[in-house]
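For reference, the chains in residue letters:
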Amino acid sequence: MRRKSRIPPSPLPQRDGVDPVRIRLPQTGGWVTVREHLVERLAPRTEVVDRMLSDGLIVGADGRPVTGDTAYEPGMFVWFHREPPDEERVPFALDVVYRDEHIVVVDKPHFLATNPRGSHVRETALARLRVDLGIPALGAAHRLDRLTAGLLLFTVRPEERGAYQSLFGARLVRKEYEALAPYSPGLALPRTVRSRILKERGVMAAREVEGEPNAVTRVELRDRRDGVGRYRLTPSTGQTHQLRVHMNALGVPILGDPLYPVVTGPVPSGDFRRPLQLLARRLEFTDPVTGHEHRFVSGRVLKAWASYDDWASPGPLAESAQ
């Protein structure tokens, strides 16, 4: 049995709260230099890698720059920072609702992704918090979709992250969401929706398929007015887009959803109007490190409930979104 090699610490610091990219060179392959492999792996244009190499932006475990002539070593680690994409500032506050030496709980706004990924890097909850709180080791214990607002749990110490993440995997965290969707007088509620959801890589929308259910959501109607229902959603599983898929399947898709029932065109950068009316309202769990019983409640109000006309109106691109 091959012994797993230890990953050395990064020789590069974070940049704007974002970790450098780490790559381990494959054990097999016909590359003579590190450059040859990186050109094949990272960029369609050779000059991208060559410029990074000439500027000393790619380094080995000892922190020394990798050059165009550095010999290929199977299993070698290299680090670098990707060029950050042009990102529109998400102009809404990321409110800290609780903080101790183990965890940080925040009330995330709409349009802010949880973790750096793709075109959202610095404008993410994790990157912002690492900078604002001065905690470079901060990590997310779970995630919310970029379009969903509400409560998010982060861990302060990397060695404790697994304990908190396991709570979600073991379904030991009670999560309650609030959603605004059309009111349907013919829809019998409360009810528990069970289905099998499939999310294929590269496909924007998830879909329900035949088979053993892997997604379970309790749906209740809390209130209604002017044709809009205010729903309490209590998932006992955590499939991608689960709540959005289940509400759509019931015939009451969540207001502002760009994927369900129909995938619409991409929203222009900086357009923060008509946010998805879905909020992670409550988060409850027993702290696996301290044993403390935590109960958190989001202070946000979904905009279409406060004023549907304001939410639905064109308005300026950067108007306040809830």
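Keep in mind that what you see is a predicted model, and the values were worked out from it rather than measured. (Residues numbered from 1 in each chain as written. Predicted model: local features only at pLDDT ≥ 70, side-chain atom pairs only at ≥ 80, totals over all residues. Heavy atoms only, no water.)

### A short note on unusual backbone geometry
Selection rule: Think of it this way: any DSSP run of H or I at least four residues long counts as a helix, any run of E at least two long counts as a strand, and we number them from the N terminus. Working definition: with a 1.4 Å probe on protein chains only, accessible area under 20% of the residue-type maximum means buried, over 50% means exposed, and in between means partly exposed.
Cis geometry marks the peptide bond from L189 to P190, where omega comes out at 5°. Relative to the assigned elements, P190 resides in the loop between β8 (174-182) and β9 (191-198). Cis peptide bonds are those with omega within 30 degrees of zero, and the linkage from Y260 to P261 qualifies with 10°. Of note, R171 is a non-glycine position whose phi angle comes to about 60°, a positive value. Summarising the element assignment, R171 is placed in the loop between α4 (158-169) and β8. A positive phi angle, near 50°, is found at D226, a position not held by glycine. Along the chain, D226 turns up in the loop between β11 (215-225) and β12 (228-235). Overall, the relative accessible area of 77% leaves D226 in the exposed class.

### A few points about the pairing of β8
For clarity, the threshold we go by: The criterion for strand pairing is that DSSP finds at least two bridges linking the strands in question.
The element β8 is extensively covered by neighbouring structure, given that seven of its nine residues are classed as buried. Both β8 and strand β13 (residues 278-286) contribute to a ladder of six bridges, which runs antiparallel. Paired with E176 across the two strands is R282, which belongs to β13. The sheet contact formed by β8 and β12 spans six bridges and is antiparallel. Across the sheet, the residue bridging to A181 is G229, located in β12.

### A few points about the layout of surface pockets
Filter applied, for reference: Think of a 1 Å grid over just the protein atoms. A cavity is a set of points where a 1.4 Å probe fits yet cannot get out, a pocket is an open set with protein on both sides within 12 Å along at least five of seven lines, and lining residues have an atom within 4 Å of a point. Grid points are joined across faces, edges and corners, and a volume is the space filled by probe spheres set on the points. Under this grouping Gly is polar, as are all residues other than the nonpolar Ala, Val, Leu, Ile, Met, Phe, Trp, Tyr, Cys and Pro and the charged Asp, Glu, Lys and Arg.
The space that makes up the largest pocket amounts to roughly 1,700 Å³. Around the largest pocket, the lining comprises 49 residues; the ones closest to its centre are H120, R146, L147, M204 and L259. Here the residues of the lining of the largest pocket are counted per class, giving 20 nonpolar, 13 polar and 16 charged. Each pocket or cavity is described by its volume, and for the second largest pocket that value is around 810 Å³. Lining the second largest pocket are 27 residues, with V18, D19, P20, V21 and R22 positioned closest to its centre.

### A few points about the packing of helix α1 (residues 34-42) against helix α2 (residues 46-54)
To be explicit about the condition: A fitted line through C-alpha atoms serves as each axis, taken over the contacting stretch for helices, and the angle formed by two N-to-C directions is quoted from 0 to 180°. Each angle is binned into one of four classes, with values under 35 degrees roughly parallel, values over 145 roughly antiparallel, values of 65 to 115 roughly perpendicular, and all other values oblique. What makes a crossing left-handed is the near helix being turned counterclockwise from the far one by less than a right angle; a clockwise turn instead makes it right-handed. It only takes one pair of heavy atoms within 4.5 Å for two residues to be counted as in contact.
Where α1 contacts α2, the axes come no closer than 9 Å and their chain directions differ by 130°. The angle between α1 and α2 places the two elements in the oblique class. The crossing of α1 and α2 is right-handed. Contacts from R35, L38, V39 and L42 of α1 reach α2 at T46, V49, D50 and L53. In the contact of α1 with α2, the residues fall into five nonpolar, one polar and two charged.

### Focus on the sheet that holds strand β1 (residues 21-24)
The strand order across the open sheet built from three strands is β1-β3-β2, with neighbouring strands paired in antiparallel fashion. Two strands in the sheet have a free side with no partner beyond their single neighbour: β1 and β2 (59-60). Here β2 runs beside strand β3 (residues 77-80); their pairing, made up of two bridges, is antiparallel. The residue of β3 that forms the bridge with V59 is W79. Across the face of the sheet, α1 comes into contact with β1 and β3 while running at roughly 115° to β1.

### Some thoughts on empty space enclosed by the protein
If you walk through the whole model with that rule in mind, you get one cavity of 30 Å³ or more. Size it by volume and the largest cavity reaches roughly 30 Å³. Considering the residues around the largest cavity, the lining is formed by H142, L144, L151, K175, Y177, A280, R282 and L283. Among the secondary structure elements, those contributing two or more residues to the lining of the largest cavity are β8 and β13. At three residues, β13 tops the list of elements feeding residues into the lining of the largest cavity. For the lining of the largest cavity, a count of residues per class yields five nonpolar, one polar and two charged.

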